[in-house]
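Residue-level listing of the chains:
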Amino acid sequence: MENIITTFRQLYYTCKEQNKKIYETALDYEVSKGEYSEYQIRLQAAKSLNAMKEAIKIGLNSTEPSPSGMSGDDCDKLQKRFNKSGSVLGKTAQKIMTYALATSEQNLRMGIIAACPTAGSCGIVPSVLIAYAEDYNLDENEQINALITAGEVGRIVSVKMALAGAVGGCQAECGVASAMASAALTQMRGGNIKQIINASALALKNILGLTCDPVCGLVEIPCVKRNPFLAIHAVSASELAMADIISKIPADEIVDAMEQTGKLMSPLLKESSQGGLAKTKTAIALEKNILR
Amino acid sequence: MRQSSIIDIISPVMAGPSSSHTAGAVRLGLLARNVYNTKSDKITFKLYNSYALTGKGHGTDKGLLAGLLGFSVDDKRIKNVFDTPEAKQINYEFEFLEDFNRHPNAVDFIFEGGLNMTLSGDSIGAGEIVLTKINKFSVNLDGKYNTLLLVYEDMPGVISSVTRIIQEDNVNIASLHCDRSGKGKDASMCICIDGELSKQCLDKVSELKDMYIVRYIKKLES
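Residues numbered from 1 in each chain as written. Chains lettered and ligands numbered in written order. Predicted model: local features only at pLDDT ≥ 70, side-chain atom pairs only at ≥ 80, totals over all residues. Heavy atoms only, no water.

S.K.: Please explain the overall build of chain A as it appears in this structure.
M.R.: Across its full length, chain A holds 13 helices and one strand. If you list the helices and strands of chain A from N to C, you get α-α-α-α-α-β-α-α-α-α-α-α-α-α. On C-alpha atoms alone, chain A measures out to a radius of gyration of 19 Å, which is about the 19 Å that the 2.2 N^0.38 rule sets for 292 residues. Burial statistics for chain A: of 292 residues in total, 59% are counted as buried. Across chain A, contacts joining residues at least 24 apart in sequence account for 75% of those joining residues at least 6 apart. As displayed, chain A has an accessible area near 12,100 Å², and 53% of this comes from carbon and sulfur atoms. With 30 positive and 30 negative side-chain charges, chain A shows a spacing of 6 Å between the two charge centroids. (Helix = DSSP H or I, 4+ residues; strand = E, 2+ residues; numbered from the N terminus. Rg over C-alpha atoms; globule rule 2.2 N^0.38 Å. Buried < 20%, exposed > 50% of the residue type's maximum accessible area, 1.4 Å probe, protein only. Contact = heavy atoms within 4.5 Å. Areas by Shrake-Rupley, 256 points an atom, 1.4 Å probe, with all protein chains shown as cover. Lys, Arg positive; Asp, Glu negative; His and termini not counted. Charge placed at Lys NZ, Arg CZ, Asp CG, Glu CD.)

Take a look at the structure:
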């Protein structure tokens, strides 16, 4: 296959022309580049998926504080609340929130996670993917297909913009993770190509401008709680897309806008901890207590 | 520029919490281990700037040590590396410094013992790393290629002798980087290759006149 796929438009038309799913086209394209075989990619996806499940399992049962002592028991609190009082969200959405917190807290504890696309955003894709797969009985192969679909969305965004808070703010990390998760979910729910790409577009469009201003320079505040927020955000995007509600701005143009927004964003708000939340009165006080 | 693959996006599996401050630190340690490649009496880690300031919260110190001990980025022991038998067998210390001439995430590894060596490296984002200095020589080692590193006496013909030996192995050179402390003094050569060099080839290079250090540094697996 000589076709180069660097945009959502190219992805869409390649899938349409060849009557293939996004994960099939993505695998064909990766293999055509000559670096990996389909087997290697599926194997890595399975390895990441297993690490994600393991992190959730451990995270759900831990209240061990992070090295800074600032967090570690939020997932436990949320589970207790849901068990006692339920939630306006349904059962699967509750699970998604707890899985996202479990994973991002495990990340803080130096537990083993899959960076997807980054360590700070590691709770978003797994929570949505695994909670849905459990509740709707999807087998491992279908989960891997969904993870590859998510990976393809992240890959296309990364062609134009590095997926790093220091380059594009949090829109490039948790924002992209949310777009990836919405694609995975829409794939698992039987959404068509257009709906999957549209879900990603809607998710990305809604987080443009999200800054990266971590308190004390640690991947902790606001990162941990942002994971469950953006996991549910991914579900919202998928719901809209499954109803054929279309993003009026096409996905590729949203990525362009995101890249431009990242460039325009002050360096003080891009992982340097020199502005925003990181320079609030409370953050400065925490800094004195925690660092050194 | 190399574009990301799907694998880059959905991995690595790693010990948290930060790709640059934790996984990057492990990879710097692994690469330093491959370069030094012998037993030392003492290792000093100098962490600079963001690595110094947020290193404890991100486990950067643990990551650097774990890498040096040969643990991979997804090793469960990283979190408690200070308590492992492997760590207890070696003599190490950490220093935390500020130097704004250095990269925000910079580290020096100072090895003392039968062979003294100082390595400097940076964690440049998303787990990507680069070793920038070996002793006083500038290098550019990112762990993505098998690399032949040589330190030798600067004289005419060394580069062609070395590349001819590599040619005999029928191996392609991806990049070649040379530096020297002065004309006729110590010089360094960093040769990144596609594929593998044979032991025979390495022996031949070692036998060249006035070769002080010959290291075959394997690319990082994770």
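S.K.: Quick question: what am I supposed to make of the sheet that holds strand 8 (residues 146-153) of chain B here?
M.R.: The strands making up a sheet associate through hydrogen bonds between their backbones, and the pairing can be parallel or antiparallel. Residues and elements named next belong to chain B. Read across the sheet, four strands follow the order 9-10-8-11 without closing on themselves; strand pairing throughout is antiparallel. On the outer flanks of this sheet lie strand 9 (172-180) and strand 11 (211-217), each paired with one strand and no other. Across the sheet, the axes of successive neighbouring strands diverge by a mean angle of 10°, strand direction being ignored. Inspection of the sheet shows strand 8 paired to strand 10 (residues 186-194) by eight bridges, in the antiparallel sense. (Pairing = 2+ DSSP bridges. Axes fitted to C-alpha atoms, helices over the stretch in contact; angles between N-to-C directions.)

S.K.: For this particular structure, what's the right way to read empty space enclosed by the protein?
M.R.: Any space left empty among the atoms is revealed by the rolling of a water-sized probe across them. Counted by the stated rule, this structure contains two cavities of 30 Å³ or more. Of the volumes computed, that of the largest cavity is approximately 40 Å³. Taken together, Pro 67, Leu 108, Leu 218, Val 219 and Glu 220 of chain A together with Pro 17, Gly 57 and His 58 of chain B make up the lining of the largest cavity. There is about 30 Å³ of room inside the second largest cavity. Along the walls of the second largest cavity sit Ser 104, Asn 107, Leu 108, Ala 119, Gly 120, Val 219, Cys 223 and Val 224 of chain A, which together make up its complete lining. Elements with a minimum of two residues in the lining of the second largest cavity: helix 5 (91-108) and helix 11 (223-242) of chain A. Looking at the lining of the second largest cavity, its residues break down into five nonpolar, three polar and no charged. (1 Å grid on protein atoms, 1.4 Å probe; cavity = no way out; pocket = protein on both sides within 12 Å on 5 of 7 lines; lining within 4 Å. Points joined across faces, edges and corners; volume = space filled by probe spheres on them. Nonpolar A, V, L, I, M, F, W, Y, C, P; charged D, E, K, R; others polar.)

S.K.: I keep staring at the packing of aromatic side chains and nothing clicks. Help me out?
M.R.: Each aromatic ring pair is specified by the distance between its two centres and by the angle formed by the two planes. This model, assessed by the stated rule, comprises 10 aromatic pairs over all chains. The interplanar angle of 85° and the centroid separation of 5.1 Å between the aromatic rings of Tyr 12 of chain A and Tyr 13 of chain A together place this pair among those described as edge-to-face. For Tyr 12 of chain A, a relative accessible area of 21% puts it in the partly exposed group. Overall, the relative accessible area of 40% leaves Tyr 13 of chain A in the partly exposed class. With a centroid separation of 6.4 Å and 20° between ring planes, the pair formed by Phe 94 of chain B and Phe 96 of chain B is classed as stacked. A residue is classified by how much of its surface remains accessible, and Phe 96 of chain B, at 34% relative accessible area, is partly exposed. A connected cluster of aromatic rings, assembled from ring pairs, spans Tyr 36, Phe 45, Phe 82, Tyr 92, Phe 94, Phe 96, Phe 109 and Phe 111 of chain B. Over the ring of Phe 71 of chain B we find Arg 77 of chain B; its NZ or CZ atom is 3.7 Å from the centre of that ring. The positively charged end of Arg 102 of chain B is found above the aromatic ring belonging to Tyr 48 of chain B, 4.4 Å away from the centroid. (Phe/Tyr/Trp six-rings, centres within 6.5 Å; stacked < 30°, edge-to-face > 60°. Lys NZ or Arg CZ within 6 Å of the ring centre and 35° of its normal.)

S.K.: Looking at this structure, I do not really get the nonpolar core. What am I missing?
M.R.: For soluble globular proteins, nonpolar side chains are generally found buried alongside one another. Residues Phe 8, Leu 147 and Leu 204 of chain A together with Val 35, Phe 45, Phe 109 and Phe 111 of chain B are the most contacted members of the largest nonpolar core, which totals 139 residues. Among the elements that make up this core, the one with the highest residue count is helix 9 (residues 174-188) of chain A (10 residues). Non-local contacts of Leu 204 of chain A, meaning those with residues more than four positions away in its chain, are made with Val 157, Gly 175, Val 176, Ala 179, Ile 254, Val 255 and Met 258 of chain A. Tyr 152, Ile 193, Cys 201 and Leu 202 of chain B belong to the second-largest nonpolar core, a separate cluster that totals 18 residues. (Core = buried A, V, L, I, M, F, W, Y, C linked by side-chain atoms within 4.5 Å.)

S.K.: Even after reading the chapter, I still don't get the sheet that holds strand 3 (residues 92-97) of chain B, so can you show me in this structure?
M.R.: Residues and elements named next belong to chain B. Strand order across the open sheet formed by six strands is 3-2-4-5-6-7, with mixed pairing between neighbours. Taken across any chain shown, the strands that pair with only one partner, and hence form the sheet edges, are strand 3 and strand 7 (137-141). Adjacent strand axes in the sheet meet at a mean angle of 20°, parallel and antiparallel pairs treated alike. In this fold helix 2 (residues 19-36) packs onto strand 4 (105-112), strand 5 (117-125), strand 6 (128-134) and strand 7, with an angle of close to 40° to the strand it touches most, strand 6. Each of strand 2 (42-48), strand 3 and strand 4 touches helix 5 (residues 60-68); the most contacted strand, strand 2, lies at about 140° to it.

S.K.: How do you make sense of the pairing of strand 2 of chain B when you look at a structure like this?
M.R.: A regular strand places its side chains so that they alternate between the two faces of the sheet. Residue and element names in this part refer to chain B. Counted residue by residue, strand 2 has five buried out of seven residues, so it is predominantly covered. Sheet topology places strand 2 next to strand 4; seven bridges connect them, and they run antiparallel. Within strand 4, the position partnered with Ile 43 by the bridge is Phe 111. As judged from the six bridges shared by strand 2 and strand 3, these two strands associate in the parallel manner. Within the sheet, the bridge partner assigned to Ile 43 lies in strand 3 and is Tyr 92.

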